[in-house]
Structures are given as structure tokens and as C-alpha cells.
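These are the residues of each chain, in order.
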Amino acid sequence: MMHIVKQQHGRKEGARKLITISLCMIVKNEEDVLVRCLDSIRHLVDEIVIVDTGSTDRTKEIARSYTARVIDFPWSDDFSAARNFSFSHATMDYIFWLDADDILPAEEQTKFLTLKRTLSSDIDSVTMIYSLAQDEYGKTISSVRRNRLVKRSNGFRWHGVVHEYLEVWGTILNSDITIIHQPNRCASDRNLQIYEKQLAQGKEFSPRDLFYFANELFDHQQYERAIQYYERFLQTKQGWVEDCIAACGKVADCFDALGDEEQALRYAFRSFEYDTPRAECCCRLGYYFLQRKQYRLAAFWYHLATQLTMPSDSWGFVHHACWTWLPHLQLCVCYFYMGEYELAYQHNEKAKQYVPHHPAVLHNECLLQSILAAESTFHQTDES
């Protein structure tokens, strides 16, 4: 049984033993980003364990300037094996994990230190927000929640050779600490190759493997095969609800890329079979009708997106634009073409609250102000 608790604030009465933390990482050829990562966390942990899976650059040399515990591990196309090996060398109360291209920003370091000082020993795992992508102003545009700090004595294990996950149980604390993912190189086809190798060897894929293999195919624009494996994943009826919803959206995007608009629309609606509407799907449907100049239908879906509350503790992928400024910006477009300029202006202003420097917002503001000013002048002249 898993028990979820919210972020703790303050300290209980009486003395509390300060927890100790081991940072565990797996790395390979990370000389460009490792310093940045370790500098952001070194003063907050009590031990650093770095497992190298075959670097040929200066990664190990850099790592040894931070810790004596740099350990080699032969790469075997299995991320879980490497992560479990790194965890096996931890000696502190809790284990914290990062990738080399992750960063803990200054404001999040303060939160982390507060967590370390106040964490109750009955907490088995602490989840943190993972900011997967940021805009040009550093604001998160895509995120997910992950277990990041776990009690070592529980012996939690990683599972899955690719897109591995940490299986935890017990009392889980959902914190508001955010880790920033900032890769400095393009995604490789390494994960896809691992899946293809397993497929060739006749390995039976779990529902989760089917979903993530389909994601890799989608990312490499192999849309027909991606559809095939997303559908196999959905047909298992064993997938996590958030993955099922995401799969429907991805299949819709695949069909859209292939020019099959009817199937794209069908899969967008299919996501409603799994749970209440998500803003991402509402925006997808809004865009479908906007492209066809069916402005009132488009406005319906974009308006619904604005009525939804962005989840704070969701474990699914969250595309922040769909929950904040994007539907308002698109409502501005819809109402503009319907001739409802005041409503268009109001929604543009709401979008501006989130993205004040967005070029489309600034363009709309200028255009609508001139239209509304002209209308006001016309009415004043007409009345006189």
C-alpha cells in the first residue's frame, strides 16, 4: 500500500536527526555537462557515487575531482542494471539520483536543503518535478514527476532496460522541488537500437516497453510502426492511464503527420475513454477545428482547456502551454475571425499574463487595440 503525503513545511517539536544523502549517478562521455551538474548539488549531499559505463573523454577525470568513488561498470544495454549497481554502492540514509545533464537551480537548492533538514525518517520516497524542457526565458514548458530521493534501507530497485523506472512503496512525499533537464546534444538512436535488438532476439515486451518503444519510433518519424505499437500497447488494457491518454494523443499526431485527418480525430476523442479531458487533448481538438475554420467548435475546445486546473501532483507528462497561455491565444484567434474583437482582446490579455513577450501576443495586442479604437471612434461619430 502506497501512502502519499504533501510537501512538509516547518519542523516538528523536539530534536530530529539530520538525514544523510548519497548522490548516485551513471555517466558516459559527459565532460561537457558534469561540472555544471555536480556544482549544483555537491554541497547538499554527504556522498557522491559515480558509475562510469565506458567514457572515452575526460568524464572520469572530472568526476574524481568531486569524489573518490568513481566506479567502472561494463555497459550491457541495460540502464536498470547500471542504476542498481550505483545504488548498491551507496552508504547513506537516503539515495538521490541525477543524470549528468540535470541541474538543481539555486532556488531549488534552498528547498532541497530545507527538505534535508526537516525530512521525517518515516518517509520512504520523495518525488520531485522534472522540468524536461524550458522556453527562452527559462520557464518550464514540459514536466513530469519522478521518485528522486529514496530510503536506502528499503532496497528499491530499478526496472526496464530503457526508460527505466524506480519501483517504490510506502509513504511518498510529493515535494515542489524542481530539477532542470538541460541536454546539450541531440537525442541519439541508442534507445531505439536497444529496443530493436531486443525485438530481434524475440524478447516479449511488457505494456510499458510497447509504449516507450512506440515513443522512440514516433521520435524517429517512423509513424506507421509507431501506430502499430501504440495500438498493441492500448490493446493490452494493462497500461497506466496516463500512458494510455498520451498514446492516444501520439497516435493522433502520427495520423496527422500521415495526412489521415479522420483517424487523427478519432484517436483524439478516444483519449476520453480513459479519464476526464486533459488540456493537451482539448487543444489538439481545438486546433483541428481551427484549421478547418470551424471557429465556434474550435473555441468550445479551447475554452474547455481554460477551465481545467493544471495538475500539481500528476505523474503524467504535462505540457504547460496547453494548461496556461496557449488556449487563450487560440481563443483570441477564434473570436477575431468571428468578429468578436472585445472577447479576442480579453483572451489575448490573459495569454499575455503568462507569456508577456510572445511575438503573437504582442502582434495581436497591437492589431486589436487599433480595431477597438476604430470601432469606438465610429460609434462616437455615429452617436453624434
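This structure is a prediction, so every number in the text was calculated from the model and none was measured.

Trainee: So what exactly am I meant to see when it comes to the layout of surface pockets here?
Mentor: Rolled over the atoms, a probe as big as a water molecule pinpoints where empty space is left. The volume enclosed by the second largest pocket comes to roughly 440 Å³. Forming the boundary of the second largest pocket are 24 residues, of which Ile129, Ser143, Thr178, Ser312 and His320 lie nearest the centre. Of all the secondary structure elements, the ones that give two or more residues to the lining of the second largest pocket are helix 4 (106-118), strand 7 (125-134), strand 8 (140-151) and strand 11 (170-181). In terms of residue count, strand 11 provides more of the lining of the second largest pocket than any other element does, five residues in total. Across the lining of the second largest pocket, the residue classes break down as seven nonpolar, eleven polar and six charged.

Trainee: So what exactly am I meant to see when it comes to the packing of helix 6 (residues 207-219) against helix 8 (residues 241-257) here?
Mentor: Two packed helices can be described by the angle between their axes and the distance between those axes. Between helix 6 and helix 8, whose axes approach to 11 Å, the crossing angle comes to 25°. Here helix 6 is positioned roughly parallel relative to helix 8, judged by the angle of their axes. Of the two possible hands of crossing, helix 6 and helix 8 adopt the one that is left-handed. Residues Phe211, Asn215, Phe218 and Asp219 of helix 6 form the contact with helix 8, whose participating residues are Asp243, Ala246, Ala247, Lys250, Asp253 and Cys254.

Trainee: Just checking my understanding: could you explain the UniProt feature "domain: Glycosyltransferase 2-like" (unreviewed entry) in the protein chain for this structure?
Mentor: According to UniProt, the "domain: Glycosyltransferase 2-like" (unreviewed entry) feature falls on residues 22-118. Annotation note: span residues 22-118, helix share 36%, strand share 22%, distance between end C-alpha atoms 17 Å.

Trainee: Got a minute to help me understand the packing of helix 10 (residues 279-291) against helix 11 (residues 295-307) in this structure?
Mentor: For the pair helix 10 and helix 11, interaxial distance at closest approach is 8 Å and the crossing angle is 165°. In terms of orientation, helix 10 lies roughly antiparallel with respect to helix 11. Here the hand of the crossing between helix 10 and helix 11 comes out left-handed. Seen from helix 10, the contacting residues are Ala279, Cys282, Cys283, Leu285, Gly286, Tyr287, Phe289 and Leu290; seen from helix 11, they are Tyr295, Leu297, Ala298, Trp301, Tyr302, Leu304 and Ala305. Across the contact of helix 10 with helix 11, the residue classes break down as 14 nonpolar, one polar and no charged.

Trainee: I keep staring at the state of the cysteines and nothing clicks. Help me out?
Mentor: Covalent bonding between the sulfur atoms of two cysteines is what defines a disulfide. Under the definition given, this model contains zero disulfides. There is no disulfide at Cys24, and the cysteine sulfur nearest it, in Cys37, is 13 Å away. No disulfide involves Cys334; its nearest neighbouring cysteine sulfur is the one of Cys332, lying 9.2 Å away. Judged by its relative accessible area of 0%, Cys334 falls in the buried class.

Definitions and limits used
- Residues numbered from 1 in each chain as written.
- Predicted model: local features only at pLDDT ≥ 70, side-chain atom pairs only at ≥ 80, totals over all residues.
- Heavy atoms only, no water.
- 1 Å grid on protein atoms, 1.4 Å probe; cavity = no way out; pocket = protein on both sides within 12 Å on 5 of 7 lines; lining within 4 Å.
- Points joined across faces, edges and corners; volume = space filled by probe spheres on them.
- Helix = DSSP H or I, 4+ residues; strand = E, 2+ residues; numbered from the N terminus.
- Nonpolar A, V, L, I, M, F, W, Y, C, P; charged D, E, K, R; others polar.
- Axes fitted to C-alpha atoms, helices over the stretch in contact; angles between N-to-C directions.
- Parallel < 35°, antiparallel > 145°, perpendicular 65-115°, else oblique.
- Left-handed = near helix turned anticlockwise from the far one by under 90°.
- Contact = heavy atoms within 4.5 Å.
- UniProt positions renumbered as here; feature names shortened; annotations may be inferred.
- Disulfide = S-S within 2.5 Å.
- Buried < 20%, exposed > 50% of the residue type's maximum accessible area, 1.4 Å probe, protein only.

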